[in-house]
Amino acid sequence: QVQLVESGGGLVQPGGSLRLSCAASGFPFSSYALSWYRQAPGKERELVATITTTGSSTNYAASVKGRFTISRDNAKKTVYLQTNSLKPEDTAVYYCYLKRQTRDYWGQGTQVTVSS
């Protein structure tokens with residue numbers, strides 16, 4: 001079965017960085033685009049970044065463009081989100097997302113807290 005397992009979250013000061021990872025299994029990883037979403041307390045879940053199958057194309061939310069970088073390693077079946085210049089408004093639970101054969105799959109999420 002499809003599994004998405006996020007890691008790498010934590011508490012960081014404003015201006016700091018974190019590298020989030022999403023380890024995938026149960027599907028042909030290199031055949032699917034993958035995305036990162038986030039959900040802050042009291043807010044709707046929002047799309048942060050998407051990467052195509054080979055990593056040749058990426059898209060970002062306007063709020064993170066220039067600060068976050070999505071990448072993938074198809075050999076390791078892992079997608080990453082490098083988050084730099086973090087701001088308090090980046091505080092949220094970050095989720096890995098896959099859409100496969102009309103079904104949506106989510107990981108359990110990893111908490112990112114940006115605070116001094």
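Above this text you will find the structure in question.
No experiment lies behind these values; they were computed from the predicted model shown.

Criteria and thresholds
- One numbering rule holds for all chains: residues counted from 1, following each sequence as written.
- Thresholds applied to this predicted model are a pLDDT of at least 70 for local features of residues and 80 or more for the giving and counting of side-chain atom pairs; totals over whole chains, interfaces and linings are not thresholded and use all residues.
- Processing note: side-chain calculations cover all non-hydrogen atoms of the structure and skip hydrogens and water entirely.
- Two aromatic rings, drawn from Phe, Tyr or Trp (for Trp, its six-membered ring), form a pair once their centres lie within 6.5 Å of each other, and the interplanar angle then sorts them: stacked below 30 degrees, edge-to-face above 60, tilted otherwise.
- The classification of residues rests on relative accessible area computed with a 1.4 Å probe and restricted to protein chains. Under 20% of the type maximum is buried, over 50% is exposed, and intermediate values are partly exposed.
- What counts as a helix is a DSSP run of H or I of at least four residues, what counts as a strand is a run of E of at least two, and both are numbered from the N terminus.
- Only four residue types enter the charge count, namely Lys and Arg as positive and Asp and Glu as negative; His and the chain termini do not.
- For this analysis, a salt bridge means a side-chain nitrogen from Lys or Arg found within 4 Å of a carboxyl oxygen belonging to Asp or Glu.
- Polar contact is defined as a pair of N or O atoms within 3.5 Å, subject to the rule that within protein one atom must be able to donate a hydrogen and the other to accept it, and that residues adjacent in sequence are counted only when both atoms are side-chain atoms.
- Residues grouped as a nonpolar core are buried Ala, Val, Leu, Ile, Met, Phe, Trp, Tyr and Cys residues, joined through side-chain atoms within 4.5 Å.
- Two residues form a contact once any of their heavy atoms are found within 4.5 Å.

Student: Help me understand the packing of aromatic side chains in this model?
Tutor: The geometry of an aromatic ring pair is captured by two quantities: the separation of the ring centres and the angle between the planes. Under the definition given, this model contains 6 aromatic pairs. Summarising the aromatic geometry, the rings of Phe 27 and Tyr 32 are spaced 5.9 Å apart at their centres and angled 75 degrees between planes, so their arrangement reads as edge-to-face. The residues Phe 27 and Tyr 32 share a single accessibility class, namely buried. Relative to Trp 106, the ring of Tyr 37 lies with its centre 5.0 Å away and its plane at 75 degrees, an arrangement referred to as edge-to-face. Here Tyr 37 is found in strand β4 (residues 34–39), whereas its partner Trp 106 is found in strand β10 (residues 103–106), with 69 residues between them in sequence.

Student: Mind showing me how you'd approach the side chain of Arg 72 here?
Tutor: Structurally, the position occupied by Arg 72 is in strand β7 (residues 68–73). Salt bridges are absent for the buried Arg 72, whose nearest opposite-charge side chain, Asp 73, sits at 8.3 Å. Only 2.9 Å separates the side chain of Arg 72 from the backbone oxygen of Tyr 32, close enough to count as a polar contact. A polar contact is formed between the side chain of Arg 72 and the backbone oxygen of Thr 52, at a distance of 2.9 Å.

Student: Just to check I follow, could you spell out the nonpolar core for this structure?
Tutor: Counting residues in hydrophobic clusters, the biggest one holds 30 residues, and the most contacted among them are Leu 4, Phe 27, Trp 36, Leu 81 and Tyr 94. Within the residue set of this core, elements represented by two or more residues are β3 (18–25), β4, β5 (46–51), β7, β8 (78–83), β9 (92–100) and β11 (110–114). If we skip the residues at most four places from it in the chain, Phe 27 touches Val 2, Leu 4, Tyr 32, Leu 34, Leu 98 and Arg 100.

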